Amino acid sequence: MRPLRPDRPRRPRPCRPRLRRRTGRLTALLLLAATALFPGASPATAAATASAPVSAPVPVPGELRPYNVDAVYSAGISSGGYMATQLHVAYSGTFSGSAAFASGPYDCAQNTLSTALNACMNTTQDLQLTKLEQTTRDRSARGLVDPVANLAGDPVYVFSGSGDATVKRPVADALADYYGRFGASVRYDRSSPAGHAWISPLGPNACAVTQTPWINNCGIDAERDLLGHLLGSVAAPSAAPGGTLTQFDQNAYTPGGAAALSMGDKGFVYVPRSCSDGAVCALMVALHGCKQGYGYQGFGTQFVDKAYLNEYADTNDMIVLYPQAAATATPENPNGCWNWWGYLGDSAYAQHGGQQIEAVMAMVRALRGSTPPPPPPPAADRITLASVDAQDGYVKAAADGSGATAGTLEDTYGLALGRGTDGKVNRTLLSFDTSRIPAGKEITRAYLTVSRSSGSGDPWASPAGNRLLADVRTGCFGACAVEASDWSAAATVAGGARVAAFSSGSATSTDLSPEALAALDRTGTTQVRLRFESAPLSTAYLFVNRDTPVTLTVEYR
């Protein structure tokens, strides 16, 4: 058992102690993205397919009010699984753990619809897990998500069924891997033949199917497993929920109105009698998937009634919040998915300031009786410098540096890196006007952003473990215009940063080392040479910078 965090003290329960963990796109593509999650029978038949259990509580109108909440968790299915992870990572100071059925790693879609479709559901595109990890760490350093150190030791439950053809197994594997990179305690259940669904003993569907209402019975109690992992231990569920299911107005938590965020007017919260009477309780935020929202074509409260969380809430002092997404009348989100790819122009959807994330956080604060925290300190002042095109270029030579010459294909393909078809090894030279960094400021951080134009093979794997390094030179390696001698000219700091493997799009380097930061020329030009640490063993190269300049972002105070 890992130690509890100082800011989330464990409160013992008088009668039932429980271990607590630490506290321009084509319309067709838009429609495909919204429809791909939860395919199957028409949702209009949902009510006929599975009626609510007789024992399901009837919602009563009301408002969210504060309770004695000492820890918060998230859980979800498909788009709701992605949102559960986004909440946990963005606000890991609030959420103590998370559970996800049939979804992938944090910000997998990277605000790009095609990536959501091809990398985060299908596997025809690399989802770039190392880049997602680095993005998370970068956002943490910039205060855009809570400190990633909070994730260490957090309990995380991941479920993937072998019958799930919607979010394929390698995507869920990547979610488990992602959390492991931050030291989370991951329990991964991949032993079931389940289709794409939330798994519950109350599920009306057979285990392997993928159809409305996307709640399947696989002969297991997944809620016991996930809650046991998140909470430390659980008592057996009640035979029927005995608490109160309150229907509240989500507009109170969505400035500008819920519909503007693709959320419904109505949300739900289940409160056991013990929590109403003042017991110390956990809070579970449970997030439905696409086509499972209350207002979606008569779907109603089926997810609320059949998720099998209310039964455990009664016997384990746990409040369950059921926020509701809703369909848009436009093609962006016609099936009421949670925002995990950046629809409606919300590019901050996975971080602080994300519209749906902030709405859910406002609900959480209302249930905890806490006021919104003070705004985070402003992000560090920064300047982003594009490389100087007239001085950029690349040089090629034999692996030992002999026969060096300047490359000639920049205008056609971009700047070359790695081993070309001619057997030569290419290195790229970039110039930055670092005199633009404001005088008198202390540089605290700097990093490169590199965009890939094209390529062939994988130079990071030839030889295995090869690294793309950035050498930094105060001033220029020779003359500032590219010349053959730049291939082997001495750097002020060799390997001052590195760029992880990426097969498309762009990548951000690691932060420049302290020595490399000191080498930035505050009065003139700083040059950077990108090179692979080892000469690739065979043809393996990429071109960068053809359409998008390499940039150097410098933060200062």
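Source: prediction; values computed, not measured.

Rules behind the numbers
Residues numbered from 1 in each chain as written. Predicted model: local features only at pLDDT ≥ 70, side-chain atom pairs only at ≥ 80, totals over all residues. Heavy atoms only, no water. Helix = DSSP H or I, 4+ residues; strand = E, 2+ residues; numbered from the N terminus. Buried < 20%, exposed > 50% of the residue type's maximum accessible area, 1.4 Å probe, protein only. Areas by Shrake-Rupley, 256 points an atom, 1.4 Å probe, with all protein chains shown as cover. Axes fitted to C-alpha atoms, helices over the stretch in contact; angles between N-to-C directions. Parallel < 35°, antiparallel > 145°, perpendicular 65-115°, else oblique. Contact = heavy atoms within 4.5 Å. Pairing = 2+ DSSP bridges. 1 Å grid on protein atoms, 1.4 Å probe; cavity = no way out; pocket = protein on both sides within 12 Å on 5 of 7 lines; lining within 4 Å. Points joined across faces, edges and corners; volume = space filled by probe spheres on them. pLDDT = per-residue confidence, 0-100. Disulfide = S-S within 2.5 Å. Expected span 1.5 Å × (residues − 1). Left-handed = near helix turned anticlockwise from the far one by under 90°. Right-handed = clockwise from strand over helix to strand, strands pointing away. Core = buried A, V, L, I, M, F, W, Y, C linked by side-chain atoms within 4.5 Å. Salt bridge = Lys/Arg side-chain N within 4 Å of Asp/Glu carboxyl O.

Describing the overall build of the chain
Right, so step 1: Helices and strands together make up the secondary structure of the chain, namely twelve helices and 24 strands.
Right, so step 2: When burial is assessed residue by residue, the chain has 56% of its 557 residues classed as buried.
Right, so step 3: As displayed, the chain has an accessible area near 20,400 Å², and 52% of this comes from carbon and sulfur atoms.

Some words on the packing of helix α3 (residues 79-90) against helix α11 (residues 355-368)
Right, so step 1: Relative orientation of the contacting elements α3 and α11 amounts to 75°, with a least axis distance of 11 Å. Considered as vectors, α3 and α11 are oriented roughly perpendicular to each other. Along the contact surface, α3 presents Met-83, Gln-86, Leu-87 and Ala-90, while α11 presents Gln-356, Ile-357 and Val-360.

A closer look at the sheet that holds strand β7 (residues 205-206)
Right, so step 1: Taken in spatial order, the three strands line up as β6-β8-β7 in an open sheet, and their pairing is parallel. Among the strands making up the open sheet, the edge pair consists of β6 (198-199) and β7.

Considerations on the layout of surface pockets
Right, so step 1: Here the largest pocket is characterised by a volume of approximately 610 Å³.
Right, so step 2: Where the lining of the largest pocket is concerned, the elements lending two or more residues are α5 (129-141), β18 (443-456), β20 (493-499) and β21 (506-508).
Right, so step 3: The leading source of residues in the lining of the largest pocket is α5, at eight residues.

Comments concerning unusual backbone geometry
Glycine aside, residues mostly have negative phi, and peptide bonds are mostly found in the trans state.
Right, so step 1: The omega torsion of the bond from Thr-212 to Pro-213 falls at 5°, within 30 degrees of zero and hence cis.
Right, so step 2: As for its placement among the helices and strands, Pro-213 is situated in the loop between β7 and β8 (215-217).
Right, so step 3: Even without being a glycine, Asp-107 presents a positive backbone phi close to 50°.
Right, so step 4: Along the chain, the position of Asp-107 falls in the loop between β3 (95-101) and α4 (113-118).
Right, so step 5: For Trp-214, which is not glycine, the phi torsion reads 60° and is therefore positive.
Right, so step 6: One can find Trp-214 in the loop between β7 and β8.

With respect to the sheet that holds strand β9 (residues 244-249)
Right, so step 1: The nine strands lie next to each other as β1-β9-β10-β12-β11-β2-β3-β4-β5, forming an open sheet whose pairing is mixed. Where the open sheet ends on each side, the last strands, each with one partner, are β1 (60-61) and β5 (185-189).
Right, so step 2: Across four bridges, the pairing between strand β11 (residues 281-287) and strand β12 (residues 318-322) is parallel. Bridge pairing in β12 links Met-284 to Val-320.
Right, so step 3: Set on the sheet, helix α7 (residues 222-231) makes contact with β2 (69-77), β3, β4 (155-159), β5, β11 and β12; between it and β4 the angle comes to about 160°.

Looking at the confidence of the model for the chain
Right, so step 1: Chain-level statistics for the chain give a pLDDT mean of 88 and a share of 88% at 70 or above.
Right, so step 2: Contacts from residues 41-52, a stretch scored under 50 in pLDDT, to residues over four places away or in other chains number 25 contacts.

Some words on the state of the cysteines
Right, so step 1: Applying the stated criterion across every chain, the model contains five disulfides.
Right, so step 2: Through a disulfide, Cys-207 is tied to Cys-218; the S-S separation comes to 2.0 Å. Where Cys-207 bonds to Cys-218 through sulfur, the torsion about that S-S bond is close to 90°, and the disulfide is right-handed. Of the two residues, Cys-207 is situated in the loop between β7 and β8 and Cys-218 in the loop between β8 and α7; the sequence distance between them amounts to eleven residues. The exposure classification of Cys-207 matches that of Cys-218, with both residues buried.
Right, so step 3: With its sulfur 2.0 Å from that of its partner, Cys-290 forms a disulfide with Cys-337. Sign of the S-S torsion, about 120° for the bond between Cys-290 and Cys-337, identifies this disulfide as right-handed. Of the two residues, Cys-290 is situated in the loop between β11 and α9 (302-306) and Cys-337 in the loop between β12 and α11; the sequence distance between them amounts to 47 residues.

What about α3?
Right, so step 1: Along its twelve residues, α3 runs 16 Å from first to last C-alpha, staying within 8% of the 16 Å computed at 1.5 Å per residue.
Right, so step 2: Judged by how many residues are buried, α3 sits mostly within the fold: twelve of twelve residues are covered.
Right, so step 3: The set of residues buried in α3 consists of Ser-79, Gly-80, Gly-81, Tyr-82, Met-83, Ala-84, Thr-85, Gln-86, Leu-87, His-88, Val-89 and Ala-90.

Here we look at the packing of α5 against helix α6 (residues 169-181)
Geometry of a packed helix pair, given as the angle between the helix axes and the separation of the axes.
Right, so step 1: It is at 10 Å that the axes of α5 and α6 come closest, and there the two elements cross at 40°. Taken together, the axes of α5 and α6 are oblique relative to one another. Relative to α6, α5 is oriented so that their crossing is right-handed. Residue-level contacts link Leu-129, Thr-130, Leu-132, Glu-133, Thr-136 and Arg-137 of α5 to Ala-174, Asp-177, Tyr-178 and Arg-181 of α6.

Quick word on the pairing of β5
In the case of a regular strand, side chains alternate between the two sheet surfaces.
Right, so step 1: Taken together, the five bridges between β4 and β5 define a ladder with parallel strand orientation. Within the sheet, the bridge partner assigned to Val-158 lies in β5 and is Tyr-188.
Right, so step 2: Crossover β4 to β5 through α6 is right-handed.

Structural notes on the nonpolar core
Right, so step 1: Ranked by internal contacts, the top residues of the largest apolar core, which has 70 residues, are Val-285, Ile-319 and Leu-321.
Right, so step 2: No other element matches α11, which puts eight residues into this core.
Right, so step 3: For Ile-319, the residues in contact, after removing those within four places along its chain, are Tyr-67, Val-69, Val-269, Tyr-270, Val-271, Pro-272, Cys-275, Cys-281, Ala-282, Leu-283 and Met-284.
Right, so step 4: In terms of nonpolar packing, the next biggest core, distinct from the first, is built from 39 residues, Tyr-73, Phe-159, Leu-226 and Ala-313 among them.

Description of the pattern of salt bridges
Right, so step 1: As enumerated under the stated definition, the model contains 16 salt bridges in all.
Right, so step 2: Salt-bridge contacts for Asp-225 lead to Arg-187; the nearest nitrogen and oxygen are separated by 3.9 Å. Of this pair, Asp-225 sits in helix α7 while Arg-187 sits in strand β5; the two residues are 38 residues apart in sequence, bridging distant segments of the chain.
Right, so step 3: Arg-557 serves as the salt-bridge partner of Glu-442, at 3.1 Å between the closest nitrogen and oxygen. With a gap of 115 residues between them, Glu-442 in the loop between β17 (425-433) and β18 and Arg-557 in the segment after β24 (551-556) connect regions that are remote in the sequence.
Right, so step 4: Residues joined in a network through salt bridges with shared partners are Asp-138, Arg-382, Arg-445, Asp-511 and Glu-555.

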